[in-house]
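One letter stands for each residue in the lines below.
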Protein chains: 2
Amino acid sequence: MSLDLALLRAAHDRIRPYIKRTPVLTSEALDLARGARLSFKCENLQAAGAFKSRGACNAVFSLTDAEAARGVVTHSSGNHAAALARAARLRGIAAHIVMPQGSPQSKVRNVESFGGLITFCEPGLNAREATCAKLAAETGAVLVHPFDDLRVIAGQGTATIELLEEVPDLDFVLCPVGGGGLLSGTALAAKLLKPGIKVIGVEPAVADDVAQSFRAGKRISIPTPATIADGLRTNCTGKINLPIIRQYVDDIVTVSEEAIVTAMRELWEQLHLVIEPSAAVPYAALIENKFTFAGRKAGLILTGGNVDLESLPWPKK
Amino acid sequence: MSLDLALLRAAHDRIRPYIKRTPVLTSEALDLARGARLSFKCENLQAAGAFKSRGACNAVFSLTDAEAARGVVTHSSGNHAAALARAARLRGIAAHIVMPQGSPQSKVRNVESFGGLITFCEPGLNAREATCAKLAAETGAVLVHPFDDLRVIAGQGTATIELLEEVPDLDFVLCPVGGGGLLSGTALAAKLLKPGIKVIGVEPAVADDVAQSFRAGKRISIPTPATIADGLRTNCTGKINLPIIRQYVDDIVTVSEEAIVTAMRELWEQLHLVIEPSAAVPYAALIENKFTFAGRKAGLILTGGNVDLESLPWPKK
């Protein structure tokens, strides 16, 4: 597969029956507060509550019938797990999901609600990958990696295709960075559609593995980071992702944990959306003035809305 | 003004530049849970966070230049106050807002953010109306009543025009009932566009003044009710509203406070939207099986999203 617009268009056509066209929202109050013109692509309103449904559907519906018959397998404690289980159910095949023991009950329930077959393992990437490999060997299921997979990357890029269809004159696109799947897809879509646009990744400062890798030009691994943005706790970007990010992304900036919480609350209050901490990370970069785009038009991808309503990061009166 | 479709179409044309076309969302999980096909009209995503912007804009932009020059006045501690202040600012005129002492700080700040001129008064309807009348006499400002006003009613009905444009084959439309402004507008729009549709108002059982009035055929007043749905704490419907409701509404059902909280939480979790308790009231009627529409298509108006994030009605872990 070559990295061209046809790849992204094919992904979009493939997944369209299985995903939602999410709305793009604006806010007079937030524009005033930040001195810019902001458009929010609401992937928290996506099927299964996150953009991950795009990549998962593209991967699952790219399989041949013979491949699909063996099912799919992944390791994830988060939104990719639920999205893959949902995509597999839509295709009528099995989804084997490796989750670390101690995963939040809400995430476990979410996977179960889509019929995912869960295998629990010890926490830590080694145990996850080993359990995943064992399951794949036993069942013949096809691995759908959460981010280091071109089918997944192409699927994630479709959010930016839709965003630019609705707001063609954006100067910037911003998205959060975990493993770099969304950032790779976003950058590909944005730059192939509109070469002059700037693509900015935003990462928690305590989870800056991709920012480090971007500057060093090689994949740098960090200990599993303790950021509140639970969707961004990956510790190393993918083999496929880094070259795409190096070629197409203009910059990766980092934000503090405090700014993420402030951003999350400001977006809940002003946009009236339930978004998870990870989704607030790009807006946190505006709060911390990580770059200037006074008066310019920026699109921000609100990545997901799966959050435990009893554990919100602000006090209760 | 006659109560026909032209009145509603004119309102829609008048306010279109000043309001948002809010999205209509669906949820596989909620359809499965309720055994129906539900469409949610997201007025929590409306300008100023509530459908009230529709009626307020229609009233303010219906004024002649001579009337407008004198400003507008209303009494409200909630979303109508902010919506009227916003509409007045868009027209460049003064908005005098009478608010009871002890109104939530978030609501006061909301009105102030749109440049509303606040006069505080003693709590209670008599003091509010007296202060409002005094202000109107002093300033010549035009009263824009929160619900007992045909311009406001016509404006509120435009949400249902948009809902039926997107989902023409609805069997039911459900909305919450406070003073009856939204219900009047919703019923007018729904029945004039699609005579066979059923229109159901849903009211908190402890605030059932409009349900009582609907059955009795006369306006029945109750003591100010203590429902969690703070937008529905009116104690008597309007003179204009009741005849419209009696003619066009099929039924008004009531729901418990417990069901309202359960509904609010289920909608936050599944739709990923911040909605205020009042907006959860129609869905509460489904939870309590207040009528059967198994397999049918229902549209629910999510009225607003202005809520104090530190005072959510569920525990914090």
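Each value, and the rule that gives it
- Residues numbered from 1 in each chain as written.
- Chains lettered and ligands numbered in written order.
- Predicted model: local features only at pLDDT ≥ 70, side-chain atom pairs only at ≥ 80, totals over all residues.
- Heavy atoms only, no water.
- Salt bridge = Lys/Arg side-chain N within 4 Å of Asp/Glu carboxyl O.
- Helix = DSSP H or I, 4+ residues; strand = E, 2+ residues; numbered from the N terminus.
- Buried < 20%, exposed > 50% of the residue type's maximum accessible area, 1.4 Å probe, protein only.
- Pairing = 2+ DSSP bridges.
- Right-handed = clockwise from strand over helix to strand, strands pointing away.
- Contact = heavy atoms within 4.5 Å.
- Axes fitted to C-alpha atoms, helices over the stretch in contact; angles between N-to-C directions.
- Buried area = accessible area lost by both parts, 1.4 Å probe.
- Parallel < 35°, antiparallel > 145°, perpendicular 65-115°, else oblique.
- Left-handed = near helix turned anticlockwise from the far one by under 90°.

Caption draft 1: Structural context of the pattern of salt bridges. Per the counting criterion, the structure on display carries 38 salt bridges over all chains. The shortest N-O distance in the salt bridge between E162(A) and K41(A) comes to 2.7 Å. Of this pair, E162(A) sits in helix α8 (residues 150-166) while K41(A) sits in strand β2 (residues 37-42), and the two are 121 residues apart along the sequence. The two residues E162(A) and K41(A) agree in class, both being buried. Between E28(B) and R86(A) there is a salt bridge, and its shortest N-O distance comes to 2.9 Å.

Caption draft 2: Summary view of unusual backbone geometry. Here H272(A), not a glycine, exhibits a phi torsion of approximately 60°, which is positive. Mapped onto the elements of the fold, H272(A) is located in the loop between α12 (257-271) and α13 (281-287). Of note, the phi angle at A48(B) is positive, near 65°, even though the residue is not glycine. Relative to the assigned elements, A48(B) resides in the loop between β2 (37-42) and α3 (52-62). Using a relative accessible area of 17% as the deciding quantity, one classes A48(B) as buried.

Caption draft 3: Summary view of the pairing of strand β4 (residues 95-100) of chain A. Residues and elements named next belong to chain A. Counting buried positions along β4 gives six out of six residues, so the element sits mostly inside the fold. Burial of β4 is two-sided: the residues A95, I97 and M99 facing one way and the residues H96, V98 and P100 facing the other way are all buried. Across four bridges, strand β3 (residues 72-75) lies against β4 in parallel orientation. Paired with V72 across the two strands is A95, which belongs to β4. Handedness of the β3-helix α5 (residues 79-91)-β4 crossover: right-handed. Pairing analysis gives five bridges linking β4 to strand β5 (residues 117-121), with the strands arranged parallel. Bridge assignment links I97 to a residue of β5, and that residue is I118.

Caption draft 4: Examining the environment of P176(A) more closely. All names here are of chain A. Tracing the backbone shows P176 in strand β7 (residues 172-176). Since its relative accessible area comes to 5%, P176 is described here as buried. With ten residues separating them along the chain, P176 and T186 place their C-alpha atoms 10 Å apart. For P176, the contacting residues outside a window of four places in its chain are L182, V202, L232, S278, V281, P282, I301 and T303.

Caption draft 5: Region of interest: the sheet that holds strand β9 (residues 251-255) of chain A. Residues and elements named next belong to chain A. If you walk across this open sheet you meet the six strands as β1-β2-β10-β7-β8-β9, and the pairing is mixed. Pairing within the sheet leaves two strands with one partner each, and these edge strands are β1 (24-25) and β9. In this fold α8 packs onto β1, β2, β7 and β10 (297-302), with an angle of close to 135° to the strand it touches most, β2. This element, helix α10 (residues 209-216), spans β8 (198-204) and β9 of the sheet and lies at about 145° to β9.

Caption draft 6: The interface of chain B and chain A, seen in detail. At the junction of the two partners, chain B supplies 30 residues and chain A supplies 30 residues. Both faces considered, chain B and chain A share a buried interface measuring about 2,700 Å² in area, 51% of it formed by carbon and sulfur atoms. Summed over the three residues of chain B that lose the most area to chain A, namely H272(B), L309(B) and E310(B), the buried surface amounts to 28% of that side. At the junction of chain B with chain A, the criterion picks out six salt bridges. K317(A) is the salt-bridge partner of D308(B), the closest N and O atoms lying 3.0 Å from each other.

Caption draft 7: Looking closely at the packing of helix α3 (residues 52-62) of chain A against α5(A). All names here are of chain A. Taken N-terminus to C-terminus, the directions of α3 and α5 make an angle of 40°; their axes are 8 Å apart at the nearest point. One way to sum up the angle between α3 and α5 is to call them oblique. Read as a crossing pair, α3 and α5 show a hand that is right-handed. Together, K52, S53, A56, C57, V60 and F61 of α3 and N79, H80, A83, L84, R86, A87, A88, L90 and R91 of α5 make up the contact between the two elements.

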